[in-house]
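Observations on the three-dimensional arrangement
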Amino acid sequence: SFEAGEKKEDSIFSYTIGDKDKPLVVLAACLDGRGWPAAVALERLAEVLLDNPTHDPRIEWLLEHLRIRILPVLNPVGYQKGTAHNENGVDPDRNFAYEWEAFADKKLRGKEPFSENGSAVVRRAIEADKAIAFLDVGVDDYDAGYRIVRARDASDAQQALLHALVSVTNARLRYRFVVGDKMLQLRVTRDAARPSAANWAGSKGVLAASLRICGDGEDSITNNEVAIESALTFLQAVALSREKPEPEPAPAKEPAKRPAKAPKKAAGG
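Our subject in this report is the structure included herewith. (Residues numbered from 1 in each chain as written. Predicted model: local features only at pLDDT ≥ 70, side-chain atom pairs only at ≥ 80, totals over all residues. Heavy atoms only, no water.)

**Examining the sheet that holds strand S6 (residues 133-140)**
The 7 strands are arranged S3-S5-S4-S6-S11-S7-S10 in an open sheet whose pairing can be described as mixed. If you trace the sheet from one side to the other, it starts and ends with strand S3 (15-17) and strand S10 (187-190), each paired once. Between one strand axis and the next, the sheet turns through 20° on average, direction left out of account. (Pairing = 2+ DSSP bridges. Helix = DSSP H or I, 4+ residues; strand = E, 2+ residues; numbered from the N terminus. Axes fitted to C-alpha atoms, helices over the stretch in contact; angles between N-to-C directions.)

Rendered as structure tokens:
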């Protein structure tokens, strides 16, 4: 499906996988139009979820529990031109109603919150479609490192969940890739006090974060693997957090004791 823009070239396409009655989780990329490796990684994730080539039971289980919407390119004009901003000179990731008025660059933040198609699409997914979790995938240079950037207003429970899923992801990535002279491992950081999709979604109570991958086209194999593994673990954590624990079995009742019978009197006594 797609969210229509004013022109065909600024339309935002999406994939939605799973039943309509399942809780919605949104995975998005390219709010910054320069982050095309993130878009490629989410396109590949869509293929993995749809094809499940290795018949991974984890994927089958996820699709039984969640509805997953993938938005690979939220800034299509910036994506085409290789710029952070869109056709209006606005960075869609700075167009959210979180610390918007305090953001110094008035051009980059836009004329008002959600004035841009990319930020408006995320808003509809969170508010109208009631998404329960949001993961944005972006691209940084190697100095910043691979990481999960959590929303500033994440609750204690959400923070614990994000740290747990990063530990699981790191265990799954262990020894797969080396960056410089170190093994590639994710870390958790907190977003700056600024407008961003993750910060705004988190302020709405949604589990929200940004996965930051690194490098360029030469690192596509690494970035695809890291993004897919991280996204699958994120989805798994969301689904597990929705499950109600099994009630503890009631303690077994001891059989009632029969009252002792009075001894029989001896005959003639």
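Next, the rest of the story.
**A closer look at unusual backbone geometry**
Residue glutamate 99 is not a glycine yet carries a positive backbone phi of 55°. As for its placement among the helices and strands, glutamate 99 is situated in the loop between helix H3 (76-81) and helix H4 (106-109). According to the relative accessible area criterion, glutamate 99 is partly exposed, its value standing at 40%. You will see that phenylalanine 114, though not glycine, has its phi angle at about 65°, which is positive. Tracing the chain through its elements places phenylalanine 114 in the loop between H4 and helix H5 (117-128). For phenylalanine 114, a relative accessible area of 13% translates into the label buried. (Buried < 20%, exposed > 50% of the residue type's maximum accessible area, 1.4 Å probe, protein only.)

**Digging into the nonpolar core**
Generally speaking, nonpolar side chains in soluble globular proteins are found buried as a group. Counting residues in each nonpolar core, the largest one holds 43 residues, and the members touching the most others are Leu27, Leu45 and Phe234. Elements that contribute at least two residues to this core include exactly strand S4 (24-29), helix H1 (36-51), helix H2 (57-65), strand S5 (67-71), S6, helix H6 (156-173), strand S11 (207-214) and helix H8 (220-242). Ranked by residues supplied to this core, first place goes to H8 with 10 residues. Ranked by size, the runner-up nonpolar core spans 23 residues in total, among them Leu24, Val26, Leu74 and Ala151. (Core = buried A, V, L, I, M, F, W, Y, C linked by side-chain atoms within 4.5 Å.)

**Describing the packing of aromatic side chains**
In the structure shown here, the tally under the stated rule is 4 aromatic pairs. Aromatic pair phenylalanine 96 and phenylalanine 114: ring centres 5.7 Å apart, planes at 85°, arrangement edge-to-face. Of this pair, phenylalanine 96 sits in the loop between H3 and H4 while phenylalanine 114 is found in the loop between H4 and H5, placing the two residues 18 residues apart along the sequence. The exposure class of phenylalanine 96 is buried, given its relative accessible area of 0%. For the ring pair tyrosine 142 and tyrosine 146, a centre distance of 6.5 Å and an interplane angle of 55° mean the geometry is tilted. A relative accessible area of 36% means that tyrosine 142 is categorised as partly exposed. By relative accessible area, which is 5% here, tyrosine 146 ends up buried. Cluster of aromatic residues (ring-pair linked, three or more members): Phe96, Phe114 and Trp200. Over the ring of tryptophan 100 we find arginine 109, and its NZ or CZ is 4.0 Å from the ring centre. (Phe/Tyr/Trp six-rings, centres within 6.5 Å; stacked < 30°, edge-to-face > 60°. Lys NZ or Arg CZ within 6 Å of the ring centre and 35° of its normal.)

That's the geometry; what it means functionally is another story.
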